[in-house]
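In case you want the letters, here they are:
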Amino acid sequence: MKRNLIEMESNSEDGDDDITDIKQKISSIAPAKCPYLDTINRQVLDLDSEKLCCITLTNMRSGNVYACLVCGKFYSGRGRLTPAYTHSVSQGHFVFMNLRDGRTYCLPDGYEVRDNSLRDVQFCLSP
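Note that the coordinates shown come from a computational prediction; the quantities given were computed from them, not determined experimentally.

1. Observations regarding the packing of aromatic side chains
Pairs of aromatic rings are described using the distance from one ring centre to the other and the angle between the two planes. Counted under the stated rule, the structure contains two aromatic pairs. Here Tyr-36 and Phe-94 contribute two aromatic rings whose centre-to-centre distance is 4.4 Å and whose plane-to-plane angle is 40 degrees, an arrangement assigned as tilted. With Tyr-36 in the loop between α2 (16-29) and β1 (65-68) and Phe-94 in the loop between α3 (83-91) and β3 (95-98), this pair connects stretches of sequence that are 58 residues apart. Geometry around Tyr-105 places Arg-78 over its ring, the cationic atom sitting 3.8 Å from the centre.

Dropping the structure here:
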């Protein structure tokens, strides 16, 4: 698919507008490389404790709970005006893992982070 998009780029007559569209399509296909992976602090992660949001006390059964991989606290939600989003903006902690499925996200941008260096943390969710 990337090859087709690159061919489309070379056949483009309009110039910059088409190139921008093509680059956006390529970036949506390629997994996101998060620049904040080095901020993860594995020493503070306690994934064996009860998985409750520290603000709303929401548990995993009633909502999505995420672990902040920087400070180790649990927060609910990922969208705007949720505790996890607010924490990411106010504290500058950007890497969160869904405690149900182990998927990792960079907030407040909201993109999924796919990196093999997170496998050890994902394994701790369900050993």
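Once you've had a look at it, read on.
2. With respect to the nonpolar core
Grouped together as the largest cluster of nonpolar side chains are 17 residues, with contacts concentrated most on Leu-47, Leu-69 and Leu-99. For this core, the secondary-structure elements that each account for two or more residues are β1, β3 and α4 (119-125). Tyr-66, Tyr-75, Phe-96 and Leu-107 belong to the second-largest nonpolar core, a separate cluster that totals eight residues.

3. A few points about the side chain of Asn-98
Relative to the elements of secondary structure, Asn-98 occurs in strand β3. When neighbours within four sequence positions are excluded, Asn-98 is seen to be in contact with Asn-64, Val-65, Tyr-66, Arg-103 and Leu-125.

4. Digging into the sheet that holds β3
Taken in spatial order, the five strands make up an open sheet running β2-β1-β3-β4-β5, and their pairing is antiparallel. The sheet is open, and its two edges are formed by β2 (74-76) and β5 (111-113), each paired on a single side. Put simply, the sheet's adjacent strands are angled 40 degrees from each other on average, direction ignored. Note that strand β4 (residues 104-106) and β5 share three bridges and pair antiparallel. Note that in β5 the partner of Thr-104 across the bridge is Val-113.

Cut-offs and rules
- Residues numbered from 1 in each chain as written.
- Predicted model: local features only at pLDDT ≥ 70, side-chain atom pairs only at ≥ 80, totals over all residues.
- Heavy atoms only, no water.
- Phe/Tyr/Trp six-rings, centres within 6.5 Å; stacked < 30°, edge-to-face > 60°.
- Helix = DSSP H or I, 4+ residues; strand = E, 2+ residues; numbered from the N terminus.
- Lys NZ or Arg CZ within 6 Å of the ring centre and 35° of its normal.
- Core = buried A, V, L, I, M, F, W, Y, C linked by side-chain atoms within 4.5 Å.
- Buried < 20%, exposed > 50% of the residue type's maximum accessible area, 1.4 Å probe, protein only.
- Contact = heavy atoms within 4.5 Å.
- Pairing = 2+ DSSP bridges.
- Axes fitted to C-alpha atoms, helices over the stretch in contact; angles between N-to-C directions.

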